[in-house]
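# Survey of secondary and tertiary structure
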Amino acid sequence: MDLTSINGIGDKTIKILNNMNIFSVEDLINYYPYKYNFYKPENINNYINETITINGIVESIPKAIYIKKNFNYLSFRVVTSNKIINVTIFNRNFLKNNLTIGKEICLIGKYNKEKNTFTANNILLTPLLESIIEPIYHIKNNLKNKQLNNLICNTLNNIEQENTLPEYIIERYNFINEHNALKEIHNPKNINNLKQAKIYLKYKELFEFMFKINYLKIKRNINLNNIKKEFDKEKIKELINSLPFDLTQDQNKAIEDILNDFNSNKRMNRLVIGDVGSGKTIVAFIAIYANILSKYQSAFLAPTEILANQHFINIQKTIPNINVELLTSTTSKTKRKEILTKLKNNELDCIIGTHSLINEEVQFNNLGLVITDEQHRFGVNQRKNLQNKGDAVDVLYMSATPIPRTYALTIYGDMDISEIKTKPSGRKEVITKLYKESDIKECLNIMLDEIKKGHQIYVVSPLVEEQDEEGTLYDVEKLYDKLNIAFNNKIDIGILHGKLKTKEKETIMDNFKQGKIKILVSTTVIEVGVDVKNATCMVIFNAERFGLSTLHQLRGRVGRNDLTSYCLLVSNYDKERLNVLCSSTDGFYISEKDFELRGSGNLFGTEQSGEMSFKLANIKEDIKILNQTNIDSKEFIEKNINNFSEYPYYQRIIDSISFID
Ligand code: ADP
Ligand code: MG
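Below, the structure is looked at part by part. Fair warning: this is a prediction, and the values are worked out from it, not measured in the lab.

## Some thoughts on the site of ligand 1
Near ligand 1 there are 17 residues, and of these Gly-277, Lys-280, Thr-281, Asp-531 and Lys-533 occur at the shortest range. In this structure, an oxygen atom belonging to ligand 1 sits 2.7 Å away from a side-chain N or O atom of Lys-280. In the environment of ligand 1, an oxygen atom lies 2.6 Å from a nitrogen or oxygen atom belonging to the side chain of Thr-281. Looking at the shell around ligand 1 residue by residue, the class counts come to four nonpolar, six polar and seven charged. Counting contributing residues per domain, the shell around ligand 1 is built from domain 4 (233–420) and domain 5 (431–584), each supplying no fewer than three.

Below, the structure written as structure tokens:
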């Protein structure tokens, strides 16, 4: 329903409402207060240093005092609880004529006992006979809180809001009906009613959210026949036996999960979450191998060229005779053409690459598996574009960013999850220390010791070049110079950052891998995936500029064998937060802390954090409701999967999301 259908609403108000993202009557009645003020009339003699609400009678004609424009006050006497007090209230001089002697009023404000003065911040022109709850909204322009509240309440009185939740659910939980819930949220009669209203509306909000997730999940797997993959399990065992190490228990479990998905009539949609260095890549390679044995093509998407390149080299070592090519933005035109032709003609088993794989010119003969490494680096649509290049593509995501348990359902609700928690054996914990800049010498000493032992070092800074006007942040160039001075130009130091040409990056990375470069100074381009076993030390300058999860990922670049490794954080700030890293190497714990200390936006990037902004529900507090709506929405969908005509409200939701998948 259009806002213009509301009685007596003007263009000006509509404009302001639009400004607040309110475009329809539905938007309006679902624009909830963000807090409530509670007023309960009290006896002034009970005053205890807090805002108090009192009823009283005007005892003197108010004096109006003008100080300057928009700054004036009224001053008058009031009788309350057998006492005469002196009242002032700012910027309400327009009320002067209403405050006649003998008028009964209600005042909200603070009382100064010694001076017997009452500074009111609100005044009601009738006494308050019982306690009231005043809803407070976020408002824009000069719309008044009361005005908005009246508008919503009047609108609610003139419409009949039907229940959007299925009736059987309302009965099951004895919910109040939706119309009453809306009335109470905007104009609560008492605390208990407000509570009931909130429960209904939170449940509704989360139910719709989980409905969307579960609908896509359930829908994806119906009407799919014969996508079961057949492969020789013995061959997979042989490959696993040929590896230079034994797989960990969790790696084996993840592989088993994947092979079971392949072997079912479901489309796989699985996320492998494992800390940095937990060995996710080999799991991906084995999935690719099984997919090849089933005579399908695979695509492996990586966020950076360095990583794509590393996977390209390693997969050939792991799967002998694999027909694989690497496609990135720097692949030459002729090579690219050749690769695309081979891919189309089914002469390739697998393609590994960066964003370039998403390009529509990249077409497969029979794509059966898409793997996305470091999935949080890609947008939902990018991933979807790739998996739509085949008919019933199995999808596997890799993530090194463990997310707090509580949020897993909302973020990854439509995925099955395999966790790799056990680290490959023989790994020592990385010793993590925090240094102030003034103690940099100690840090340099550790670095020198490691170099003497023949080990290598990563040094990370937040900036590529000097961007920070105050010069308080280290950029890679500055660090490079400083380290050369500190080590008397006696150590080979290399620089790596995103602005370098690919060839330059490759050369530097190669030199580092081969041990020619001892210290690699870089930005976070090395954050993901890079694997150099001889590197035992990670030094991070201006560590306060990074999220804990990012720092934890960076730390994962070292400690990749049985050598003692170090992560040295240099920062003058943020001690409490950074100390979390010194005391823990558990990625899940760290991500919980990061979330607590910095909020969700930083953890997931804007795209994913947007999914978590609910109007009323709060994932942390309402986790029980969330879990219940997960179960209830699944049940509701399964009952009606082929026909939602009985539930037009949900049919509309389906129509609005169907294009996504
Ligand atoms: P990530 O999970 O961060 O992607 P990688 O897959 O890059 O980790 O693995 C890190 C390193 O550990 C690689 O060098 C890999 O060969 C090695 N690795 C993987 N699994 C095992 C294992 N079970 N035992 C020993 N080393 C392993
Ligand atoms: Mg990896």
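Picking up where we left off.
## So, helix 9 (residues 280–293)
Helix length check: helix 9 (14 residues) gives 20 Å between terminal C-alpha atoms against 20 Å at 1.5 Å per residue, within 8%. Counting buried positions along helix 9 yields 13 of 14 residues, so the element is predominantly enclosed.

## So, a nonpolar patch on the surface
On the surface, a nonpolar cluster with roughly 260 Å² of combined accessible area is contributed by Ile-67, Phe-71 and Phe-90. When you line up the elements, Phe-90 lands in strand 5 (residues 83–90). On the basis of relative accessible area, Phe-90 is assigned to the partly exposed category, the value being 37%.

## Some words on the packing of aromatic side chains
Counting across every chain of the model gives 26 aromatic pairs. Centroid distance Tyr-203 to Phe-207: 5.8 Å. Interplanar angle 20°. Geometry classified as stacked. With Tyr-203 and Phe-207 both in helix 6 (residues 191–220), this residue pair falls four residues apart, about one helical turn. Ring geometry for Phe-207 and Phe-636: centres 5.8 Å apart, planes at 50°, overall tilted. Here Phe-207, found in helix 6, pairs with Phe-636, found in helix 21 (residues 623–640); they are 429 residues apart in sequence, far enough to count as distant. In this pair, the class of Phe-207 matches that of Phe-636, namely buried. What links up through ring pairs into an aromatic cluster is the set Tyr-173, Phe-175, Tyr-200, Tyr-203, Phe-207, Phe-211, Tyr-215, Phe-636, Phe-644, Tyr-647, Tyr-649 and Tyr-650. Over the face of the ring belonging to Tyr-32 we find Lys-615, whose NZ or CZ atom lies 5.5 Å from the ring centre. The ring centre of Tyr-168 lies 3.7 Å from the NZ or CZ of Lys-639, which sits over that ring.

## Some points on the nonpolar core
Counting residues in hydrophobic clusters, the biggest one holds 59 residues, and the most contacted among them are Leu-17, Leu-28, Leu-148 and Tyr-650. Counting 40 residues, the second largest nonpolar core, distinct from the first, contains Leu-243, Leu-247, Val-272 and Val-324.

## Remarks on unusual backbone geometry
Phi is positive for Asn-116, which is not a glycine, with a value near 55°. Within the secondary structure layout, Asn-116 lies in the loop between strand 6 (104–112) and strand 7 (117–124). The backbone phi angle of Asn-542 is positive, close to 50°, even though this residue is not glycine. By the secondary structure assignment, Asn-542 is in the loop between strand 20 (535–541) and helix 17 (548–555).

## A short note on the sheet that holds strand 13 (residues 367–372)
As summarised here, the arrangement of the seven strands in space is 11-12-10-13-14-9-15, forming an open sheet in which the pairing is parallel. Two strands in the sheet have a free side with no partner beyond their single neighbour: strand 11 (324–327) and strand 15 (416–420). Mean inter-strand twist for the sheet, computed between neighbouring axes without regard to direction, equals 15°. Here five bridges tie strand 10 (residues 297–301) to strand 13, and the two strands are oriented parallel to one another. Bridge assignment links Ala-299 to a residue of strand 13, and that residue is Val-370. Sitting on the sheet, helix 9 is in contact with strand 9 (269–274), strand 10, strand 12 (350–353), strand 13, strand 14 (394–399) and strand 15, with an inclination near 175° to strand 13.

## Overview of the packing of helix 9 against helix 10 (residues 305–318)
Interaxial distance between helix 9 and helix 10 falls to 11 Å at its minimum, and their mutual angle equals 60°. By the criterion of interaxial angle, the relationship of helix 9 to helix 10 is oblique. At the point where helix 9 passes helix 10, the crossing takes the right-handed sense. Contacts between helix 9 and helix 10 pair Thr-281, Ile-282, Phe-285 and Ile-288 from the former with His-311, Asn-314, Ile-315 and Thr-318 from the latter.

## As for the side chain of Lys-202
Tracing the sequence through the fold places Lys-202 in helix 6. With relative accessibility at 14%, the residue Lys-202 sits in the buried group. One polar contact links Lys-202 to Asp-622, side chain to side chain, over a distance of 3.2 Å. Ignoring anything within four residues of it in the chain, the contact list for Lys-202 reads Leu-616, Ala-617, Asp-622 and Ile-625.

## Some thoughts on the environment of Leu-194
Position of Leu-194 among the secondary structure elements: in helix 6. According to the relative accessible area criterion, Leu-194 is buried, its value standing at 5%. Sequence separation between Leu-194 and Leu-239 is 45 residues; the distance between their C-alpha atoms is 62 Å. Apart from residues lying up to four places away in sequence, Leu-194 is in contact with Tyr-36, Glu-184, Ile-185 and Pro-188.

## Some thoughts on the side chain of Glu-208
Mapped onto the elements of the fold, Glu-208 is located in helix 6. Under the relative-accessibility criterion, Glu-208 is labelled buried at 15%. The residues touching Glu-208, leaving out its near neighbours within four places in the chain, are Thr-164, Tyr-649, Tyr-650 and Ile-653.

## Looking at the pattern of salt bridges
Once their charged atoms are close, side chains differing in charge can pair, the charge on each being opposite to the other. Under the counting rule described, the total for this entry stands at 21 salt bridges. Note that Lys-421 and Glu-419 form a salt bridge whose closest N and O atoms lie 3.7 Å from each other. Beyond isolated ion pairs, a larger network of salt bridges with shared partners links Lys-253, Asp-257, Asp-261 and Arg-270.

## Focus: the sheet that holds strand 21 (residues 566–570)
On the basis of which strands lie adjacent, the open sheet formed by six strands has the order 16-21-20-17-19-18 and parallel pairing. Of all strands in the sheet, those bounded by a partner on one side alone are strand 16 (431–435) and strand 18 (493–496). Neighbour-to-neighbour, the strand axes of the sheet open up by a mean angle of 15°, direction not taken into account. Relative to strand 19 (residues 519–522), strand 18 runs parallel, the two sharing four bridges. By the bridge assignment, Ile-493 is partnered in strand 19 with Ile-519.

Criteria and thresholds
- Residue indices follow the written sequence of each chain, beginning from 1 at its first position.
- Here every chain gets a letter starting at A, and every ligand a number starting at 1, in the order they are written.
- The predicted origin of the model limits local features to residues at a pLDDT of at least 70 and limits the giving and counting of side-chain atom pairs to 80 or more, whereas totals for whole chains, interfaces and linings rest on all residues.
- Excluding hydrogens and water, the side-chain figures rest on all heavy atoms present in the structure.
- The cutoff for a nearby residue is simple: one of its non-hydrogen atoms must lie within 4 Å of the molecule or strand.
- Polar contacts, as counted here, are pairs of nitrogen or oxygen atoms within 3.5 Å of one another; within protein the pair requires one atom able to donate a hydrogen and one able to accept it, and residues that are adjacent in sequence qualify only if both atoms are side-chain atoms.
- Residue polarity follows a fixed list, in which Ala, Val, Leu, Ile, Met, Phe, Trp, Tyr, Cys and Pro are nonpolar, Asp, Glu, Lys and Arg are charged, and the others, Gly among them, are polar.
- By convention here, the domain bounds are inherited from an automatic or database domain assignment.
- We count a stretch as a helix when DSSP gives it H or I for four or more residues in a row; a strand needs E for two or more, and each element gets its number in order from the N terminus.
- Multiply 1.5 Å by the residue count of a helix minus one, and that product is the helix's expected span.
- Accessibility here uses a 1.4 Å probe with only protein chains present; expressed as a share of the type maximum, an area under 20% marks a residue as buried, one over 50% as exposed, and anything in between as partly exposed.
- Like charges are joined within 9 Å and nonpolar side chains (Val, Leu, Ile, Met, Phe, Trp, Tyr) within 5 Å, but only among residues with over 30% relative accessible area and no salt bridge; these make up the patches.
- Using the Shrake-Rupley algorithm and a 1.4 Å probe, accessible areas are obtained, with residue cover drawn only from the displayed protein chains.
- The term salt bridge refers to a pairing of a side-chain nitrogen on Lys or Arg with a carboxyl oxygen on Asp or Glu at a separation within 4 Å.
- Note on aromatic contacts: the rings of Phe and Tyr and the six-membered ring of Trp form a pair at centre separations within 6.5 Å, being stacked when their planes are under 30 degrees apart, edge-to-face when over 60 apart, and tilted otherwise.
- The rule is short: NZ of Lys or CZ of Arg within 6 Å of the ring centre and within 35 degrees of the ring normal puts a charge over the ring.
- Buried Ala, Val, Leu, Ile, Met, Phe, Trp, Tyr and Cys residues form a nonpolar core when they are joined through side-chain atoms within 4.5 Å.
- Two strands make a pair as long as DSSP finds a minimum of two bridges between them.
- To get an axis, a line is fitted to the C-alpha atoms, and for a helix only the part in contact is used. The angle between two axes follows their N-to-C directions and goes from 0 to 180 degrees.
- Between two residues, a contact is recorded if the distance between any of their heavy atoms is within 4.5 Å.
- With respect to orientation, any angle under 35 degrees is reported as roughly parallel, any angle over 145 as roughly antiparallel, any angle of 65 to 115 as roughly perpendicular, and every other angle as oblique.
- Working rule for handedness: look at the near helix, and if it is turned counterclockwise from the far one by less than a right angle, call the crossing left-handed; if clockwise, right-handed.

In short, shape yes, function no, at least from these values alone.
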